[in-house]
Amino acid sequence: FAGLGVVVANALWLEQDTNTELHRLTKDMDEFNNGLERCVDGMEELENEYKAFNKDMAECFIQTNNTILDIFDQLREHREREEMSDAGSGSGSGGLQSSS
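These numbers were taken from a predicted model, which means no experiment stands behind them.

S.K.: Can you help me understand the overall build of the protein chain in this one?
M.R.: Scanning the protein chain from terminus to terminus reveals 2 helices and 0 strands. Considering the protein chain as a whole, with its 100 residues, one finds that 3% of them fall into the buried category. A total of about 8900 Å² of accessible surface is found on the protein chain, and carbon and sulfur atoms cover 61% of it.

S.K.: Which parts of the structure should I look at to understand the confidence of the model for the protein chain?
M.R.: If pLDDT is low for a region, its predicted coordinates should not be looked at in detail. Chain-level statistics for the protein chain give a pLDDT mean of 88 and a share of 87% at 70 or above. Note that pLDDT drops below 50 for residues 93–100; the model gives that stretch 5 contacts with residues more than four away or on any other chain.

S.K.: What should I look at first to understand the pattern of salt bridges in this one?
M.R.: Opposite charge on two side chains permits pairing when their charged atoms draw close. If you walk through the whole model with that rule in mind, you get 6 salt bridges. A salt bridge links Arg-76 to Glu-80; the nearest nitrogen and oxygen atoms lie 3.4 Å apart. Taken together, the positions of Arg-76 and Glu-80, both in helix α1 (residues 2–89) and 4 residues apart, correspond to about one turn of that helix. Taken together, the shared-partner salt bridges in this structure form one network comprising Glu-21, Arg-24 and Asp-28.

S.K.: Just checking my understanding: could you explain a nonpolar patch on the surface for this structure?
M.R.: Taken together, the side chains of Leu-4, Val-7, Val-8 and Leu-12 define a hydrophobic patch exposed on the protein surface, amounting to about 370 Å² of accessible area. Here Val-7 shows up in helix α1. Looking at Val-7, the relative accessible area reads 53%, which means it is exposed.

S.K.: Could you clarify how one ought to interpret a negative patch on the surface in this entry?
M.R.: Together, Glu-37, Asp-41, Glu-44, Glu-45 and Glu-49 give the surface a local cluster of negative charge. Secondary-structure assignment places Glu-49 in helix α1.

Conventions used here
- Residues numbered from 1 in each chain as written.
- Predicted model: local features only at pLDDT ≥ 70, side-chain atom pairs only at ≥ 80, totals over all residues.
- Heavy atoms only, no water.
- Helix = DSSP H or I, 4+ residues; strand = E, 2+ residues; numbered from the N terminus.
- Buried < 20%, exposed > 50% of the residue type's maximum accessible area, 1.4 Å probe, protein only.
- Areas by Shrake-Rupley, 256 points an atom, 1.4 Å probe, with all protein chains shown as cover.
- pLDDT = per-residue confidence, 0-100.
- Contact = heavy atoms within 4.5 Å.
- Salt bridge = Lys/Arg side-chain N within 4 Å of Asp/Glu carboxyl O.
- Patch = residues over 30% accessible without salt bridge, like charges linked within 9 Å, V, L, I, M, F, W, Y side chains within 5 Å.
- Lys, Arg positive; Asp, Glu negative; His and termini not counted.
- Charge placed at Lys NZ, Arg CZ, Asp CG, Glu CD.

If you want it as structure tokens, here you go:
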């Protein structure tokens with residue numbers, strides 16, 4: 001029966017060691033999950049910042065495009081006024097300059 005006592009003692013020790021290892025593993029998994037949650041939170045924050053950046057860039061592009069269109073409109077209007085002025089004054093050379 002002495003051998004049976006050793007077997008039981010070894011089984012109890014193995015059970016205790018397994019429980020300790022499972023507890024440590026559970027703790028490690030909890031830490032890993034917490035790290036993953038922080039990572040996901042960081043990714044969501046980064047995604048939101050990226051969306052805001054894209055929105056800002058789109059607004060900037062629209063404003064720049066509108067400014068360029070306004071400049072072209074002003075240049076066209078200026079050219080038309082010069083052409084009308086040249087046509088009204090009878091100056092042929094001015095008209096040639098604006099068309100070239």
